[in-house]
Amino acid sequence: MKILSINAGSSSLKFTLYKMPEEEKIVTGQFERIGIKDGSYKIKVNGEKIEKKHDLKDHKVAIDILLKELIDLKIIKDLSEIKAVGHRVVQGGDKYDDSVVITDEVVKDIEIFSSLAPLHNPANLIGYQAVKEKLKDVKHVAIFDTAFHHSIPKVKYTYPLPLEFLDLKVRKYGFHGTSHKYITEYMQKYLNKDKVNLIICHIGNGASITAVKDSKSYDTSMGFTPVSGLMMGTRCGDIDVSIAPYIMDKLNITIDEFMNICNKKSGLLGISEYSSDSRDIEQKVTEQDEKAILATDIYADKVVTYIANYYFALEGKLDAIVFTAGIGENSNTTRKRIIDKLKCIDIDLDEKKNDETRGSFGIITREKSKYKVYVVPTDEEVEIARDTYRLTK
């Protein structure tokens, strides 16, 4: 059974075609700069990478090209070979605690929840509608980023604001749920345990940390929106809300302009005043650039703060700490900064293993370390395919 996993952003679209239930990756790729000039796409099949420039006026054009390439490259003979499509949807509100086959009601709900994720849900819907137009007779499944975090207890998801705000859907939702769920399932299998307690550090350009208790999300750093929690590539993470009116008054800007600063001009970019890419900043660190050093130090400090919080939330009953996503999987220097600050709980980094582990599975602590720290590459696309197969087989 062939299943197509789709992850549509506002100007991008990632895809992977799987053979299920074998979880065999047939082809993968990405369209970039959709709706912007100089559009392009990449397709990787049989170890070969195909890259082309193409005007991508909208998501419909990208989907048309994708499906045509699948046939032209003889990956499939006919579109009827695709039996189901899974779509990543960022915000499922407090309604959806699991993935679901998309119906008209689900589409309306996704539109309603767009007020909670204005940068993401509309793009997710655009991707769905573009694929649906071409693949009308197959089942489409919504995989919600927020679903995994529905297990967070009320004491953790309720903000200390007037309780009536809960009726306005103001609460912690959490994001990156598909990744945190994948890592949880991976560690269950690896450790051969039905229930695991983990601290998962999904740190990339977007970043979140989740405390997993008995294989369920117990708390997570992102909250009402993905701008909260950790310092990220361009997002500020947690700040004092009183900064907003102060800066708006000082700079004579609107709330939308202030939120744009928080989302797109802060984090690593804001502190380094150079780049949001950790690789660029690490290079600057080697050059003893003070702003780059400050940015990396703040970043590590924020991660450690959340790890410490969740360590106590789990009462020290911890099976593993896991690093994943772009920075977590590849930046040995960032991991070292973080783990060096955890020596007080008897975590002992193996620097050689840490330096050797990039983009692959690895245990980066010494045998004598009280808690093991793992690097586990995440795979959100296969998690999308798994849920799609489960609901459509």
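All values reported here derive from a predicted model rather than from experimental measurement.

**Q** I'm lost on the sheet that holds strand β9 (residues 198-203) in this one. Help?
**A** The pairing of strands in a sheet happens through backbone hydrogen bonds and is either parallel or antiparallel. Across the sheet, which stays open at both edges, the 6 strands sit in the order β11-β10-β9-β12-β14-β13 with mixed pairing between neighbours. Of all the strands in the sheet, just β11 (216-220) and β13 (362-363) have a single pairing partner and so form its edges. Of the pairings in the sheet, the one linking β13 to strand β14 (residues 373-375) comprises 2 bridges and is antiparallel in character. Across the sheet, the residue bridging to Ile363 is Tyr374, located in β14. Helix α10 (residues 290-313) rests against β9, β10 (207-213), β11 and β12 (320-324) of the sheet, and its axis sits at about 15 degrees to β10.

**Q** Which parts of the structure should I look at to understand the packing of aromatic side chains?
**A** Given two aromatic rings, their pairing is described by the distance between the two centres and the angle made by the two planes. Considering all chains together, one arrives at 13 aromatic pairs under this definition. Ring geometry for Tyr182 versus Tyr186: centroids 6.3 Å apart, planes at 40 degrees, classification tilted. Pair noted here: Tyr182 and Tyr186 are both in helix α5 (residues 177-191), with a separation of 4 residues, about one helical turn. Under the relative-accessibility criterion, Tyr182 is labelled buried at 10%.

**Q** Teacher, can you tell me more about helix α1 (residues 59-72) here?
**A** Residues that lie three or four places apart on an α-helix share one face, since the helix turns once every 3.6 residues. For α1, spanning 14 residues, the distance from its first C-alpha to its last is 20 Å, which sits close to the expected 20 Å at 1.5 Å a residue. Considered for burial, the residues of α1 that qualify are His59, Ala62, Ile63, Ile65, Leu66, Leu67, Glu69 and Leu70. Two or three places before Lys60, at the opening of α1, Asp58 has a side-chain oxygen 3.2 Å from that residue's backbone nitrogen. Directly beyond the C-terminal end of α1, a positive phi value near 60 degrees is found at Lys74.

**Q** Please clarify how the nonpolar core should be interpreted in this entry.
**A** Nonpolar side chains tend to gather and get buried jointly when the protein is soluble and globular. Counting residues in each nonpolar core, the largest one holds 55 residues, and the members touching the most others are Ile199, Ile203, Ile209, Ile307, Ile321 and Ile338. Beyond its immediate stretch of four places on either side in the chain, Ile209 contacts His180, Ile199, Ile200, Cys201, Asp219, Thr220, Ser221, Leu230, Val303, Tyr306, Ile307 and Tyr310. Ranked by size, the runner-up nonpolar core spans 29 residues in total, among them Val45, Leu67, Ile75 and Ile82.

**Q** Help me out: how do you make sense of unusual backbone geometry in this one?
**A** Peptide bonds are trans in most cases, and residues, glycine excluded, mostly fall at negative phi. Looking along the chain, the bond that leaves Met20 and enters Pro21 is cis, with omega of 10 degrees. The residue Pro21 is located in the loop between β2 (12-19) and β3 (24-32) in this model. Positive phi, close to 75 degrees, is recorded for Ala325, a residue that is not glycine. Relative to the helices and strands, Ala325 is located in helix α11 (residues 325-330). Accessibility expressed as a relative area gives 7% for Ala325, which makes it buried.

**Q** Can you help me understand the sheet that holds strand β4 (residues 40-45) in this one?
**A** Ordered by their spatial adjacency, 8 strands build an open sheet running β5-β4-β3-β2-β1-β6-β8-β7, and the pairing between neighbours is mixed. Among the strands making up the open sheet, the edge pair consists of β5 (48-53) and β7 (100-101).

**Q** Which parts of the structure should I look at to understand the state of the cysteines?
**A** Two cysteines joined by a covalent bond between their sulfur atoms form a disulfide. A full pass over the atoms with the stated rule returns 0 disulfides. Free of any disulfide, Cys344 has its nearest cysteine sulfur in Cys201, 15 Å distant.

**Q** Explain the side chain of Thr146 to me, please; I cannot follow it from the model alone.
**A** Of note, Thr146 is situated in the loop between β8 (139-144) and α4 (154-157). Of the residues examined, Thr146 reaches a relative accessible area of 1% and is grouped as buried. At 2.9 Å, the side chain of Thr146 and the backbone nitrogen of Gly92 are in polar contact. The residues touching Thr146, leaving out its near neighbours within four places in the chain, are Val90, Gln91, Gly92, Gly93, Tyr173, Gly174 and Phe175.

**Q** Would you explain a positive patch on the surface in this entry?
**A** A cluster of basic residues, Lys25, Arg33, Lys37, Lys42, Lys44, Lys49 and Lys53, forms a positive patch at the surface. Of all the secondary structure elements, the ones that give two or more residues to the positive patch are β4 and β5. In this fold, Lys42 is placed in strand β4.

**Q** It is not clear to me how the pairing of β9 should be interpreted in this structure. Could you clarify?
**A** Regular strands place their side chains on alternate faces of the sheet. Within β9, 6 of the 6 residues are buried, which leaves the element mostly enclosed by the surrounding structure. Judged by which residues are buried, β9 turns out to be covered on both faces: Leu198, Ile200 and His202 on one side and Ile199, Cys201 and Ile203 on the other are all buried. As judged from the 6 bridges shared by β9 and β10, these two strands associate in the antiparallel manner. Within the sheet, the bridge partner assigned to Ile199 lies in β10 and is Ala211. In this antiparallel pair of consecutive strands, β9 and β10, the connection spans 3 residues. With 5 bridges joining them, β9 and β12 adopt parallel strand pairing. Along β12, the bridge assignment pairs Ile199 with Ile321.

Scoring rules and cut-offs
Residues numbered from 1 in each chain as written. Predicted model: local features only at pLDDT ≥ 70, side-chain atom pairs only at ≥ 80, totals over all residues. Heavy atoms only, no water. Pairing = 2+ DSSP bridges. Helix = DSSP H or I, 4+ residues; strand = E, 2+ residues; numbered from the N terminus. Contact = heavy atoms within 4.5 Å. Axes fitted to C-alpha atoms, helices over the stretch in contact; angles between N-to-C directions. Phe/Tyr/Trp six-rings, centres within 6.5 Å; stacked < 30°, edge-to-face > 60°. Buried < 20%, exposed > 50% of the residue type's maximum accessible area, 1.4 Å probe, protein only. Expected span 1.5 Å × (residues − 1). Polar contact = N/O pair within 3.5 Å; in protein donor to acceptor, adjacent residues only side chain to side chain. Core = buried A, V, L, I, M, F, W, Y, C linked by side-chain atoms within 4.5 Å. Disulfide = S-S within 2.5 Å. Patch = residues over 30% accessible without salt bridge, like charges linked within 9 Å, V, L, I, M, F, W, Y side chains within 5 Å. Areas by Shrake-Rupley, 256 points an atom, 1.4 Å probe, with all protein chains shown as cover. Salt bridge = Lys/Arg side-chain N within 4 Å of Asp/Glu carboxyl O. Lys, Arg positive; Asp, Glu negative; His and termini not counted. Charge placed at Lys NZ, Arg CZ, Asp CG, Glu CD.

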